[in-house]
Amino acid sequence: MSLGFFTVLRAQYKNLPISLKKEDCAGKTYVVTGSNTGLGFECVKHLAAMGAGQVIMGVRNTSSGEKAKATIESQTGCAESVLQVWHMDLSKLETVKLFVEKIKGLDRVDGIVENAAVAMGEWVVPNKDDGLEMNVAVNVIGTIYMAVLLIPFLRAMGKQLGAVVPITIIGSIVALSPEAKSCYDKLGSGSILEDVADQTKWEPLFHHFYPFSKFLLYMFLRELTHHVPVSKSGVIVNFVSPGICYTELDRNAHGPVGRQVKMARMIMGRTAEMGSRTLLHGLVAGRESHGKVLSECEIKDYFIPDWMKDEKALTMGNRIWEEVSAKLEQLDPGCMEAVTNC
Ligand SMILES: NC(=O)c1ccc[n+]([C@@H]2O[C@H](COP(=O)([O-])OP(=O)(O)OC[C@H]3O[C@@H](n4cnc5c(N)ncnc54)[C@H](OP(=O)(O)O)[C@@H]3O)[C@@H](O)[C@H]2O)c1
């Protein structure tokens, strides 16, 4: 089935199930990033209401995180000890490392939801040293780095718990869109990371850079899951599209990006609560979801267009895998080796 307008429209109006059940959730520990608002907030609310033992809310603004925690406590009646607000900023990799170190101190971890992301309306570079634009720095590099640091730990945790532990990464259907393809088609044959840092080249197509960042993320994860199967790592990594939802995602997306988001929402937006059910599904989707695109609480790899499966795309996937792995390995020696030798 191709990903046409009417396919998306029909899907958006579906009433989604709450796949994670109380009995699966009670007493367990979860980590949800970007959970002070939007889909992450609603996901934490579900987990708290279903009796999770502990939920770590990974946020870049802790006062906003504490407000969200208080709201969830008053709405669900969960004990004060259940929710913890920890700082992390995906554009600052040292904070991601510290966040993961703290996670490693937990007695148990049953699932991770990497939900945090940005959709930028203008070119902002958070770190002058690599010159990467914010969509790429946060949605691609920061998100991947966190997963990479977690995999060896979650493998050991899974053995301890006698379970496979999921990392649910929140992507988007726009990763598979013509907008993402318009940037993909313009990529040169040299270094991808150097190429995407070239503001002059990409400024005319910048309104497609958020979809493109989700595309780059997916292409890396697809390679990662080939290199690191569940049988080897004991960790499931899946890619969830939550659908078009009423959240604050467009707060930085002025101009054409913001207009596109608002228009899509007006026509077919779901509530953030309904969208958050896809995050819960990612946590229970199981081994068969490893490396797969999940949408409307189902595995929907059949949404992946042919241009993402041909020879050129496979080569590109390999290039992004090699490059991002080398970048992370240089930044934090041994981190990729720990994943691939899992
Ligand atoms: N809403 C949609 O229609 C839609 C559609 C497809 C995919 N998604 C995806 O769904 C996920 C959740 O988005 P949302 O719609 O709930 O948007 P949102 O309301 O804007 O929430 C995004 C969250 O990510 C956090 N965040 C942003 N940059 C960060 C950084 N550098 N480090 C740590 N946290 C950061 C935000 O924190 P602050 O509050 O501090 O900024 C916020 O908590 C994202 O991955 C998004 O791409 C959303």
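Refer to the preceding data block for the structure.
Only a predicted model underlies this, so the values are computations on that prediction, with no experimental measurement involved.

A. View of a nonpolar patch on the surface. Together, F5, F6, Y246, M263, M266 and I267 give the surface a local cluster of nonpolar side chains, amounting to about 700 Å² of exposed area. Mapped by element, the contributors of at least two residues to the nonpolar patch are α1 (5–12) and α12 (255–268). By residue number, the principal contributor to the nonpolar patch is α12, which donates three residues. Inspection of the secondary structure assignment puts M266 in helix α12. We classify M266 as exposed; its relative accessible area is 65%.

B. Helix α10 (residues 209–227), seen in detail. Between its first and last C-alpha atoms α10 spans 27 Å; for 19 residues at 1.5 Å apiece the expected length is 27 Å, and the two agree. Within α10, 17 of the 19 residues are buried, which leaves the element mostly enclosed by the surrounding structure.

C. The arrangement of the sheet that holds strand β1 (residues 29–33) in detail. One open sheet accounts for eight strands, arranged β3-β2-β1-β4-β5-β6-β7-β8; its pairing is mixed. Looking at strand neighbours, the two that pair on one side only are β3 (83–87) and β8 (298–299), the edges of this open sheet. Two elements, strand β2 (residues 54–59) and β3, share five bridges in a ladder whose sense is parallel. When the bridges of β3 are listed, V59 appears paired with H87. Contacting β1, β2, β3 and β4 (111–114), helix α3 (residues 38–49) runs over the sheet at an angle of about 165 degrees to β1. Relative to the sheet, helix α5 (residues 93–103) contacts β1, β2 and β3, its axis offset from that of β3 by approximately 150 degrees.

D. How the structure looks around the pattern of salt bridges. Using the criterion set out here, one finds 17 salt bridges in the structure. Its salt-bridge partner being K14, residue E298 comes within 3.1 Å of it at the nearest N-O pair. Linking E298 in strand β8 with K14 in the loop between α1 and α2 (22–25), this pair joins segments that are 284 residues apart in sequence. Exposure remark for E298: the relative accessible area of 31% places this residue in the partly exposed category. For K14, a relative accessible area of 38% translates into the label partly exposed. With its nearest N and O atoms 2.9 Å apart, the salt bridge here joins D185 to K181. Judged by relative accessible area, which is 41%, D185 ranks as partly exposed. When salt bridges that share partners are traced, they join K181, D185 and K312 into one network.

E. Geometry of the packing of aromatic side chains. According to the stated counting rule, one finds 15 aromatic pairs in the structure shown. Relative to F209, the ring of W202 lies with its centre 5.5 Å away and its plane at 50 degrees, an arrangement referred to as tilted. For F209, a relative accessible area of 0% corresponds to the buried category. The structure contains a cluster of three or more aromatic residues connected by ring pairs, namely W123, Y184, W202, F206, F209, F212, F215 and W307. Residue placement shows K181 over the ring face of W307; its charged tip is 5.9 Å from the ring centre. Sitting over the face of the ring of W202, K186 holds its NZ or CZ atom 5.9 Å from the ring centroid.

Cut-off values and rules
- Residues numbered from 1 in each chain as written.
- Predicted model: local features only at pLDDT ≥ 70, side-chain atom pairs only at ≥ 80, totals over all residues.
- Heavy atoms only, no water.
- Patch = residues over 30% accessible without salt bridge, like charges linked within 9 Å, V, L, I, M, F, W, Y side chains within 5 Å.
- Areas by Shrake-Rupley, 256 points an atom, 1.4 Å probe, with all protein chains shown as cover.
- Salt bridge = Lys/Arg side-chain N within 4 Å of Asp/Glu carboxyl O.
- Helix = DSSP H or I, 4+ residues; strand = E, 2+ residues; numbered from the N terminus.
- Buried < 20%, exposed > 50% of the residue type's maximum accessible area, 1.4 Å probe, protein only.
- Expected span 1.5 Å × (residues − 1).
- Pairing = 2+ DSSP bridges.
- Contact = heavy atoms within 4.5 Å.
- Axes fitted to C-alpha atoms, helices over the stretch in contact; angles between N-to-C directions.
- Phe/Tyr/Trp six-rings, centres within 6.5 Å; stacked < 30°, edge-to-face > 60°.
- Lys NZ or Arg CZ within 6 Å of the ring centre and 35° of its normal.

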